[in-house]
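Residues per chain are reported as follows:
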Amino acid sequence: MKPEYFTELSDQELLQKVKKIKNNKIVDAIIIGVTIGIAIYSVVQRGFGFFTFFPLILAYIIIRNSKNNEILFREIQKELELRNSIENRRIVSKGE
């Protein structure tokens, strides 16, 4: 997503996206743990083979995608902080 897209969303929509990203982090961690567990089990039971490396490749793809989600999360946080600082300036200027 482009930063221009975030400016078009409401605060509530941005907060929903943040919540969704946080939930995705938990799911990603579980899937990575399971795939690494499968790879270790496969090595112990049958030695190295396709079913050893396939879960590791899947884990790598998930990790790479989670890095993109982390960048997206930071951009949304920046937008929310910018909106909060602008709102705080409005409140202070009205009080003068």
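Calculation criteria
Residues numbered from 1 in each chain as written. Predicted model: local features only at pLDDT ≥ 70, side-chain atom pairs only at ≥ 80, totals over all residues. Heavy atoms only, no water. Helix = DSSP H or I, 4+ residues; strand = E, 2+ residues; numbered from the N terminus. Buried < 20%, exposed > 50% of the residue type's maximum accessible area, 1.4 Å probe, protein only. Contact = heavy atoms within 4.5 Å. Areas by Shrake-Rupley, 256 points an atom, 1.4 Å probe, with all protein chains shown as cover. Patch = residues over 30% accessible without salt bridge, like charges linked within 9 Å, V, L, I, M, F, W, Y side chains within 5 Å. Salt bridge = Lys/Arg side-chain N within 4 Å of Asp/Glu carboxyl O. Phe/Tyr/Trp six-rings, centres within 6.5 Å; stacked < 30°, edge-to-face > 60°. Lys NZ or Arg CZ within 6 Å of the ring centre and 35° of its normal. Core = buried A, V, L, I, M, F, W, Y, C linked by side-chain atoms within 4.5 Å.

J.: Sorry if this is basic, but what is going on with the overall build of the chain here?
T.: Helix and strand content of the chain: 3 helices and 0 strands. What you see in the chain, going N to C, is helices and strands ordered as α-α-α. Burial statistics for the chain: of 96 residues in total, 22% are counted as buried. Considering only contacts in the chain between residues 6 or more positions apart, those separated by 24 or more positions represent 74%. Here the chain displays about 7,500 Å² of accessible surface, and carbon together with sulfur accounts for 62% of that area.

J.: Would you explain a nonpolar patch on the surface in this entry?
T.: A contiguous nonpolar surface patch, about 990 Å² in accessible area, is contributed by Ile 36, Ile 40, Val 43, Val 44, Phe 48, Phe 53, Leu 56, Ile 57, Tyr 60 and Ile 61. Contributing elements (two or more residues each) for the nonpolar patch: helix H2 (11-46) and helix H3 (50-95). Per-element accounting of the nonpolar patch gives the leading share, 5 residues, to H3. A residue is classified by how much of its surface remains accessible, and Ile 57, at 48% relative accessible area, is partly exposed.

J.: Is there a simple way to explain the packing of aromatic side chains in this structure?
T.: The geometry of two aromatic rings is summed up by the distance between their centres and the angle between their planes. For the structure on display, the rule yields 1 aromatic pair. When the ring of Phe 48 is compared with that of Phe 53, the centres are 6.0 Å apart and the planes differ by 20°; the resulting orientation is stacked. On the basis of relative accessible area, Phe 53 is assigned to the partly exposed category, the value being 45%. Taking NZ or CZ as reference, Lys 25 lies 4.6 Å from the ring centre of Phe 73, over its face.

J.: What's the story with the side chain of Glu 79 in this structure? I'm lost.
T.: Position of Glu 79 relative to the elements: it lies in helix H3. When its relative accessible area of 12% is taken as the criterion, Glu 79 is described as buried.

J.: Just checking my understanding: could you explain the side chain of Ser 42 for this structure?
T.: Within the secondary structure, Ser 42 sits in helix H2. Its relative accessible area of 7% is what places Ser 42 among the buried residues. Those residues in contact with Ser 42 that sit more than four places away from it in its chain are Gly 47, Phe 51 and Thr 52.

J.: Explain the nonpolar core to me, please; I cannot follow it from the model alone.
T.: Generally speaking, nonpolar side chains in soluble globular proteins are found buried as a group. Formed by Phe 6, Leu 9, Leu 14, Val 18, Ile 21, Leu 72, Phe 73, Ile 76 and Leu 80, the largest nonpolar core amounts to 9 residues. Contributions of two or more residues to this core are made by H2 and H3. Looking at this core, the element that brings in the most residues is H3, giving 4 residues.

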